[in-house]
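As a plain string of letters, each chain reads:
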Amino acid sequence: EAGVAQSPRYKIIEKRQSVAFWCNPISGHATLYWYQQILGQGPKLLIQFQNNGVVDDSQLPKDRFSAERLKGVDSTLKIQPAKLEDSAVYLCASSFSGGPYEQYFGPGTRLTVT
Amino acid sequence: AQSVAQPEDQVNVAEGNPLTVKCTYSVSGNPYLFWYVQYPNRGLQFLLKYITGDNLVKGSYGFEAEFNKSQTSFHLKKPSALVSDSALYFCAVAGENSNYQLIWGAGTKLIIKP
């Protein structure tokens, strides 16, 4: 069974530029999550999708971050414009559904904003 | 409010010795508890979970965890540590009253010395 795919693996941009991350979840998984992980900390949930609908985006900085999951499969997370404090690893995860199911994570995208 | 505490930033264990990584939690309603492991430059991997039933849960790579309701703890254990167990370990809790979203601990770095 293929795991969660993410691209790119690494990205370096200057502040005020824009960047987009892509995620392909495990086939059949209805729920998709985007997390931000800053070095030395646990993941912080940015947004949760159930199929193509948003369940929770309360911690998503909506003035600069946006995410979509068209057709309920792949998802894209965008940052525009980026700030220095956005430097982090962005993790995508998926689970069978929104209940107490384990989440499966992709390898992450390491973003450096200079 | 839900919270997870991992009181030790780092745990050092000699190879072959038993290991314990501590986790305590606070959640309203029934807790759903998870352990994940993160190897360098890789995404988070699911180890085990407690949903209900037997307080001793067995997971991947010989790890197990014991749920203790009275102490609100969910410590990760392994009878005999391997050098390859060296990694960052995260405890997470989900509550049925919060849409089963995971609240993560800050992580514990486990170092196994030969």
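You'll find the structure just up there.
Residues numbered from 1 in each chain as written. Chains lettered and ligands numbered in written order. Predicted model: local features only at pLDDT ≥ 70, side-chain atom pairs only at ≥ 80, totals over all residues. Heavy atoms only, no water.

### Considering the sheet that holds strand S1 (residues 5-7) of chain A
All names here are of chain A. Pairing in this open sheet of four strands is antiparallel, and the strands run S1-S3-S8-S7 from one edge to the other. Two strands close off the open sheet at either side, each with one partner strand: S1 and strand S7 (65-68). Taken over all neighbouring pairs, the strand axes of this sheet differ in orientation by 15 degrees on average, direction set aside. The sheet contact formed by S1 and strand S3 (residues 19-24) spans three bridges and is antiparallel. When the bridges of S3 are listed, glutamine 6 appears paired with cysteine 23. (Pairing = 2+ DSSP bridges. Helix = DSSP H or I, 4+ residues; strand = E, 2+ residues; numbered from the N terminus. Axes fitted to C-alpha atoms, helices over the stretch in contact; angles between N-to-C directions.)

### Focus: the pattern of salt bridges
The tally for this structure, following the rule as stated, stands at six salt bridges over all chains. Asp85(B) is paired through a salt bridge with Lys78(B); the nearest N and O atoms lie 2.8 Å apart. (Salt bridge = Lys/Arg side-chain N within 4 Å of Asp/Glu carboxyl O.)

### Structural notes on the nonpolar core
All names here are of chain B. Within the largest apolar cluster, 28 residues are counted, with the highest numbers of intra-cluster contacts made by Leu19, Trp35, Leu47, Leu48, Phe74, Leu76 and Tyr89. Those elements that provide at least two residues to this core are strand S2 (10-14), strand S3 (19-21), strand S5 (31-38), strand S6 (44-50), strand S8 (64-68), strand S9 (73-78), strand S10 (87-95) and strand S12 (108-113). Counting residues per element, this core draws most heavily on S10, which supplies four residues. Dropping the residues within four chain positions of it, tyrosine 89 is found in contact with Gln6, Trp35, Tyr36, Val37, Leu47, Phe63, Leu76, Gly107, Thr108 and Leu110. (Core = buried A, V, L, I, M, F, W, Y, C linked by side-chain atoms within 4.5 Å. Buried < 20%, exposed > 50% of the residue type's maximum accessible area, 1.4 Å probe, protein only. Contact = heavy atoms within 4.5 Å.)

### So, the state of the cysteines
All names here are of chain A. What the rule picks out here adds up to two disulfides over all chains. Linked covalently through their sulfurs, cysteine 23 and cysteine 92 form a disulfide whose S-S length is 1.9 Å. Taking the sign of the torsion about the S-S bond as the criterion, the disulfide between cysteine 23 and cysteine 92, at about -70 degrees, is left-handed. Of this pair, cysteine 23 sits in strand S3 while cysteine 92 sits in strand S9 (residues 88-95), and the two are 69 residues apart along the sequence. (Disulfide = S-S within 2.5 Å.)

### Focus: the interface of chain B and chain A
The interface of chain B with chain A comprises 19 residues on the first partner and 22 residues on the second. When the two sides are added together, the surface that chain B and chain A hide from each other amounts to roughly 1600 Å², 52% of it contributed by carbon and sulfur. Connecting chain B to chain A are one salt bridge. Ionic pairing is found between Lys49(B) and Glu102(A), a salt bridge with its closest N-O pair at 2.6 Å. Counting across the interface, chain B meets chain A through five residue pairs in polar contact (both at pLDDT 80 or more). When residues in the side of chain B that touches chain A are grouped by element, the largest group, four residues, is from S5(B). (Buried area = accessible area lost by both parts, 1.4 Å probe. Polar contact = N/O pair within 3.5 Å; in protein donor to acceptor, adjacent residues only side chain to side chain.)

### Focus: the layout of surface pockets
Taken as a whole, the largest pocket spans an internal volume of roughly 640 Å³. What lines the largest pocket is a set of 29 residues, among which Leu39(A), Arg110(A), Gln38(B), Asn41(B) and Leu88(B) lie closest to the centre. Broken down by secondary-structure element, the contributors of at least two residues to the lining of the largest pocket are S9 and strand S11 (109-113) of chain A together with S10 of chain B. Looking at which element gives the most residues to the lining of the largest pocket, the answer is S11(A), with four residues. Put simply, the second largest pocket is a space of about 240 Å³. For the second largest pocket, the lining is made up of 13 residues, of which Gly3(A), Tyr104(A), Phe105(A), Leu44(B) and Gln45(B) are closest to its centre. Taken together, the elements giving at least two residues each to the lining of the second largest pocket come down to strand S10 (104-105) of chain A together with S6 of chain B. Among the elements that line the lining of the second largest pocket, the one with the most residues is S6(B), at three residues. When the residues that make up the lining of the second largest pocket are grouped by side-chain class, the tally is seven nonpolar, four polar and two charged. (1 Å grid on protein atoms, 1.4 Å probe; cavity = no way out; pocket = protein on both sides within 12 Å on 5 of 7 lines; lining within 4 Å. Points joined across faces, edges and corners; volume = space filled by probe spheres on them. Nonpolar A, V, L, I, M, F, W, Y, C, P; charged D, E, K, R; others polar.)

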